[in-house]
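Examination of the molecular architecture
If you want the building blocks of each chain, they are given just below.
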Amino acid sequence: MALIINELCVNCFACEPLCPNKAIYEAKPHFLINPDLCTECLGDHDAPQCAEICPIECAIEDEYGEVLNPPGSLTGIPLQALQALHEQSVLDKAAARS
Amino acid sequence: MNVLPDHIMKKVQDHPCYSEDAHHYFARMHVAVAPACNIQCNYCNRKYDCANESRPGVVSELLTPVQAVKKTLAVAANIPQMSVLGVAGPGDPLANPERTFDTFRMLSEQAPDIKLCVSTNGLSLPDCVDELAKHNIDHVTITINCVDPEVGEKIYPWIFWQNRRIKGREAAEILIERQQKGLEMLIERGILVKVNSVMIPGVNDQHLAEVSRVVKSKGAFLHNVMPLISEPEHGTFYGLTGQRGPTQDELNDLQDACSGDMNMMRHCRQCRADAVGLLGEDRGDEFTLDKIENMEIDYAAAMVVRAELRADVIAELESKRAAKAAKQNVVSLVSLSSAPALRPVKMAVATSGGGVINQHFGHAKEFLVYEASAQGVRFLSHRKADQYCAGDTSCGDGESVLGMTIKALEGCEVVLCSKIGFEPWGMLETAGIQPNGEHAMEPIEDAIAAVYAEMQAAGKLLVQPAHQLKSA
Ligand code: SF4
Ligand code: SF4
């Protein structure tokens, strides 16, 4: 049971200091979660901390590939507008995994 | 600035970002050490730097605290005018307390002659005030866009607070409460506080006069209203949902409405957060990471040079201020005797500094806007000629740049410059702006007063504009 940071991560550092298990580490090209350490925050917090603060929609997914913050859920930007901004990669990711 | 209390005036008069005089002499720089943020604003997309705090689409070079200190020392040793270091992002400095305070701690030790400033959204501010008070903090800037959660929920989709992402009205309530508490705590400890607001038409434009009143009553020394930047290509909620930014006139009107209330920072340039140098210039290329890596810095020697330069500049500024004060008395005497029923006129000036009209129209990257009226001449604001043109390929041709410049001069009736080309002259006239190159090298205030007098003599200053009289 562990969460995954994918290639949409913008390396903003927000999640790293919050992890109760020090499972998150800086890596190239983007931050990663050590699956052996991640507990999805069970026992420490009501919600996984990395997914609670991450500002990038779809950058964090669970082990089934389901994104924790789907498109539009954080910014409120309508899906058509995201498409217009060439954010298709984000939408594809959300569609493929859900 | 004349209504600021003396002790605050002392603190800001040599500050490159606040003092109209000082920014030609002193410089500031920013370092990007704080990537994380703890809130989301509708004018920001975290895939880029914050569009409203820095130049959109330009991603700052993220530095570790050690690199940031090295860079600061390198710049301060080579540009002795560099007096203020800001930590302003790309995220929120106080959402990255270790990185921000590591930087401050090292600089307090190694370069005690550099003042520090920090910008924040305020959410973590109350927790950081005591640590801030330990350093050589020049001032803290809080971005406060509202004091009413009903307005706030239209600006902030979420905050991260006590281990949870909180959305909606509750998020705005918490953020506002924390901002106000942080403001009060800083004032209690005698730390200068500046407030920034982003003006969002239809969202908080009507509300910002109230914000201005509240933050002033609590002791903020400046309230700086900045226009929303919301180009769709920046990928922000506002950009993608068609929320427009204010026109220059709307911005001026709001600044006028608030200026009765408190000191507004009229000459703010939404400078790039990682710019290096005097305001309006950027020497950042000289201080990239690989270049500073090999620099030998003798900071003790640099400190001596810096102290000498500072003393010289302050002496020069003081003598200029004295001369100006003497002149203002004369101007006000003259204006008292003139007829009061004249309408005010806005005029733009192209200058590269020194208080005189000395720049070619085509070379001006920004214009100073003054208002001439029966009461005299007063400075209103800076307008960027390239505000919407960040050098991307879409606006390379001269005609569209000129079009943007003319748009930036909206509301001005005259533009004073040292020289101007034939083609822009015609375009300006068509747009109802009279170019004027007759006052090259003259002091700005004198030239504007002279043009205003000419307009009066020509009967152009009747209370109603001429075209309305004709149609009546
Ligand atoms: S879910 Fe919790 S434990 Fe797992 S990486 Fe994220 S913060 Fe760490
Ligand atoms: S918070 Fe999200 S975007 Fe930021 S570093 Fe962590 S995973 Fe990447």
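Shown above is the structure to which this text applies.
Everything numeric in this text was worked out from a predicted model, so none of it was measured.

Let's talk about the overall build of chain A
Along the backbone of chain A there are three helices and four strands. Seen in sequence order, chain A has helices and strands lined up from the N terminus as β-β-β-α-β-α-α. Taking all 98 residues of chain A together, the buried fraction comes to 52%. Here the contacts in chain A between residues at least 6 apart in sequence split such that 47% fall between residues at least 24 apart. Accessible area of chain A: about 4,900 Å², with a carbon and sulfur share of 54%.

Let's talk about the overall build of chain B
Each helix and strand in chain B was counted, giving 15 helices and 15 strands. The buried share of chain B, reckoned over its 472 residues, is 53%. Of the contacts formed within chain B by residues at least 6 apart in sequence, a portion of 73% connects residues at least 24 apart.

Focus: the site of ligand 1
Of all residues adjacent to ligand 1, which total 13 residues, the nearest are Cys19, Cys38, Glu40, Cys41 and Cys50 of chain A. The class makeup of the residues in the shell around ligand 1 is nine nonpolar, three polar and one charged.

Regarding the packing of aromatic side chains
Following the criterion strictly, the structure yields five aromatic pairs over all chains and no others. Here the aromatic rings of Tyr370 of chain B and Phe379 of chain B are separated by 5.4 Å at their centres, their planes lie at 70°, and the arrangement is edge-to-face. Over the ring of Phe13 of chain A we find Arg99 of chain B, and its NZ or CZ is 4.6 Å from the ring centre. The cationic tip of Arg165 of chain B hangs over the ring face of Trp158 of chain B; the distance from NZ or CZ to the ring centre is 4.4 Å.

Quick notes on helix H7 (residues 208-218) of chain B
Along H7 of chain B, the positions that sit buried rather than exposed are Leu208, Val211, Ser212, Val214 and Val215 of chain B. Looking one or two residues beyond H7 of chain B, the residue adopting positive phi is Gly219 of chain B, at roughly 115°.

What about the site of ligand 2?
If you check the shell around ligand 2, you find Ile5, Cys9, Val10, Asn11, Cys12, Phe13, Cys15, Phe31, Cys54, Pro55 and Ile56 of chain A and nothing else. When the residues that make up the shell around ligand 2 are grouped by side-chain class, the tally is 10 nonpolar, one polar and no charged.

A short note on the side chain of Ser230 of chain B
On the secondary structure map, Ser230 of chain B appears in the loop between strand S9 (222-227) and helix H8 (237-240). In this structure the side chain of Ser230 of chain B is engaged in a polar contact, spanning 2.8 Å, whose partner is the backbone oxygen of Gln243 of chain B.

Quick word on the pairing of strand S5 (residues 137-143) of chain B
Residue and element names in this part refer to chain B. In terms of burial, S5 is largely enclosed, as seven of its seven residues are buried. One ladder, built from five bridges, connects strand S4 (residues 115-120) with S5; its direction is parallel. Counted as the bridge partner of Cys117 is His139 from S5. Two strands pair when backbone bridges link them, and S5 and strand S8 (residues 192-199) are joined in this way by five bridges, in the parallel orientation.

Calculation criteria
Residues numbered from 1 in each chain as written. Chains lettered and ligands numbered in written order. Predicted model: local features only at pLDDT ≥ 70, side-chain atom pairs only at ≥ 80, totals over all residues. Heavy atoms only, no water. Helix = DSSP H or I, 4+ residues; strand = E, 2+ residues; numbered from the N terminus. Buried < 20%, exposed > 50% of the residue type's maximum accessible area, 1.4 Å probe, protein only. Contact = heavy atoms within 4.5 Å. Areas by Shrake-Rupley, 256 points an atom, 1.4 Å probe, with all protein chains shown as cover. Near = heavy atom within 4 Å. Nonpolar A, V, L, I, M, F, W, Y, C, P; charged D, E, K, R; others polar. Phe/Tyr/Trp six-rings, centres within 6.5 Å; stacked < 30°, edge-to-face > 60°. Lys NZ or Arg CZ within 6 Å of the ring centre and 35° of its normal. Polar contact = N/O pair within 3.5 Å; in protein donor to acceptor, adjacent residues only side chain to side chain. Pairing = 2+ DSSP bridges.

Keep in mind these values describe shape, not function.
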